[in-house]
Amino acid sequence: MPILPAALGIPTTPTSPQNQTETTPLLPASSLPAPRSLTSRLWEVTHDFLPLAFITFGGPPAHIAILHDLFVAKKRWLTEAMFAELLGISSALPGPASTQLAYTVAMIRDGIIPAILAFLIWSVPGGIVMGTLGAVVGSWSDEDGGSGLPLWVKYAENGLASTAVALVALAAYNLANKLCGDHVTKIICVVAAGVTINFTTVPWVIPALMVAGGLVSYAAHLHGQYTRRHVHITDSTSVAIPAEEEPEISFSLSWKGGIAVLLVWLSLFLGAILLRSLVETRSWQVLGTFYYVGSIIFGGGPVVIPLLYNYIVTPGWASSSDFLLGLAIINAMPGPNFNFAAYCGALILRPYGLPLSILGALLAWLGIFLPGLLIKTGVLPLWRTYRGFPTAQIFFRGANAAAVGLVFTATYLLWEKAIAVGSEGAGLGGYPVYVAWVGLVFVGVGFLKVPAPVMIAVGAVVGLVPYWAGWDL
């Protein structure tokens, strides 16, 4: 986690009852609502997360936009500030950022067990599809005569990607309006966006920007340019941002429990290194390799694909053509892109028969997701413990602004690669139909309050219009 309490002068133990007047607790005991049963919480995450498994097209940027629209704008499970903090932490940690964010949203709202269920609902459907395809995939041909998806699927994917661009842009717009209300945070946001646009594949850039944003915010506070009374803006060049009421936080894991979870992750990481280097059984090598990758991968999809290619195709575990076919399929699928691991695991063990191929899909899927979930589970109690301190609030104000910059970066990157042309993709700017659709979705969801799932479904149809009209990409 990029926030180091000791370095910021924050006490490393919770405040005692005698000095709690100096801090503001997240929820006063008198205002806590009656506890909800586990059954009701499990039903809530099932009801709210099940549709997401089938509408979250467009990759992590679109996932973040959909999560923001549903759980911040509509259901108010999180405040804007909490969402930005959790997004920033998820982006700075190894593993799939959007999956960690979805898991965290459920954990804060309903606790650890419902969060695990939410993760399974979020990821298992896509994982089953990708694992099945990896076990049975052969030489598929598209309408161009090459290996890949049918042409009409690519056009539908273009419409879905265009919808995703609009949703991500809308999330960036809304977050910036809420969290970048003064000159310092606006500058942090712009700088973070500019740096990440130009250094997308450098793994340490995002954690460094989160820390730098917090330090700049704290330095401005110390010089009297940012705040005069803790996190309240009072100077004439700033715009006051009203405080939002904190929602109920259901998970009860202590910071000591969080440290224990992080130690479990570290022990398994060391075990994965041993599995990769010492064990010759291919199934164990699959588990060790994917757990190792899930533990060291910063930056999500743009970094994990070449890394997996090096660990899977280069040693001869799978062919390049089968790997690239799975990559094309996962880009057209809803749900987390890390479900690609299930396809790869099945592909690796396919020569040993169908049962082992299915086992390979399960081991690879579990291996790549488990590290990020363990790390986020361990870090979240520390976030909850220290975010209420005035110093941490000032730090988070800058870190949140940097996180908003990441959403603007996601908008740009998705725009530049949204159209399925060749292996690299093409920008939306050369396709007026899709550009017009982006504008319609932005206005429709953001200002006319059309539900995002409706626009996603219509987006697939819009994507097929050029296909039906016979227009070449």
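Residues numbered from 1 in each chain as written. Predicted model: local features only at pLDDT ≥ 70, side-chain atom pairs only at ≥ 80, totals over all residues. Heavy atoms only, no water.

Details of the overall build of the protein
Here is step 1: Counting its secondary structure elements, the protein contains 18 helices and zero strands.
Here is step 2: Classification of the 473 residues of the protein by burial places 53% in the buried group.
Here is step 3: The long-range share in the protein, meaning contacts at least 24 apart out of those at least 6 apart in sequence, stands at 75%.
Here is step 4: Total accessible area on the protein stands at roughly 20,400 Å², and carbon and sulfur atoms take up 67% of it. (Helix = DSSP H or I, 4+ residues; strand = E, 2+ residues; numbered from the N terminus. Buried < 20%, exposed > 50% of the residue type's maximum accessible area, 1.4 Å probe, protein only. Contact = heavy atoms within 4.5 Å. Areas by Shrake-Rupley, 256 points an atom, 1.4 Å probe, with all protein chains shown as cover.)

Some points on helix α7 (residues 151-179)
Here is step 1: Relative to the 42 Å expected for 29 residues at 1.5 Å per residue, α7 spans 42 Å between its end C-alpha atoms, a close match to the ideal helical length.
Here is step 2: The buried count for α7 comes to 21 of 29 residues, which makes it a mostly enclosed element. (Expected span 1.5 Å × (residues − 1).)

Focus on the environment of T411
Here is step 1: Locating T411 in the fold gives a position in helix α16 (residues 390-416).
Here is step 2: For T411 and V165, which are 246 residues apart along the polypeptide, the C-alpha to C-alpha distance reads 5.9 Å.
Here is step 3: Residues contacting T411, with those up to four places away along its chain left out, are V165, V168, A169 and A172.

Looking at unusual backbone geometry
Here is step 1: Backbone geometry at R76 places phi at a positive 60°, although glycine is not the residue there.
Here is step 2: You can see R76 is positioned in the loop between α3 (59-74) and α4 (80-92).
Here is step 3: For K449, which is not glycine, the phi dihedral falls at a positive 60°.
Here is step 4: Relative to the helices and strands, K449 is located in the loop between α17 (432-446) and α18 (452-469).
Here is step 5: Residue K449 is classed as exposed on the basis of its relative accessible area of 63%.

Here we look at the environment of L414
Here is step 1: Looking at where L414 falls in the secondary structure, it is placed in helix α16.
Here is step 2: C-alpha of L414 to C-alpha of P60: the two residues are 354 residues apart in sequence and 9.9 Å apart in space.
Here is step 3: The contacts of L414, once residues within four sequence positions are left out, are G58, P61, A161, A164, V165 and V168.

Observations concerning the pattern of salt bridges
Here is step 1: All chains considered together, the criterion is met by six salt bridges.
Here is step 2: A salt bridge links D48 to K75; the nearest nitrogen and oxygen atoms lie 3.2 Å apart. Taken together, the residues D48 in helix α1 (residues 38-49) and K75 in the loop between α3 and α4 connect sequence positions 27 residues apart.
Here is step 3: With a relative accessible area of 7%, D48 lands in the buried category. (Salt bridge = Lys/Arg side-chain N within 4 Å of Asp/Glu carboxyl O.)

Let's talk about α18
Here is step 1: If you check α18, its first and last C-alpha atoms are 26 Å apart, about what 18 residues at 1.5 Å a residue would give, namely 26 Å.
Here is step 2: Along α18, the positions that sit buried rather than exposed are A452, M455, I456, G459, V462, G463, L464 and P466.
Here is step 3: The elements touched by buried residues of α18 are α2 (52-55), α3, α7 and α17.
Here is step 4: The first or second residue beyond α18 is G470, which carries a positive phi of 80°.

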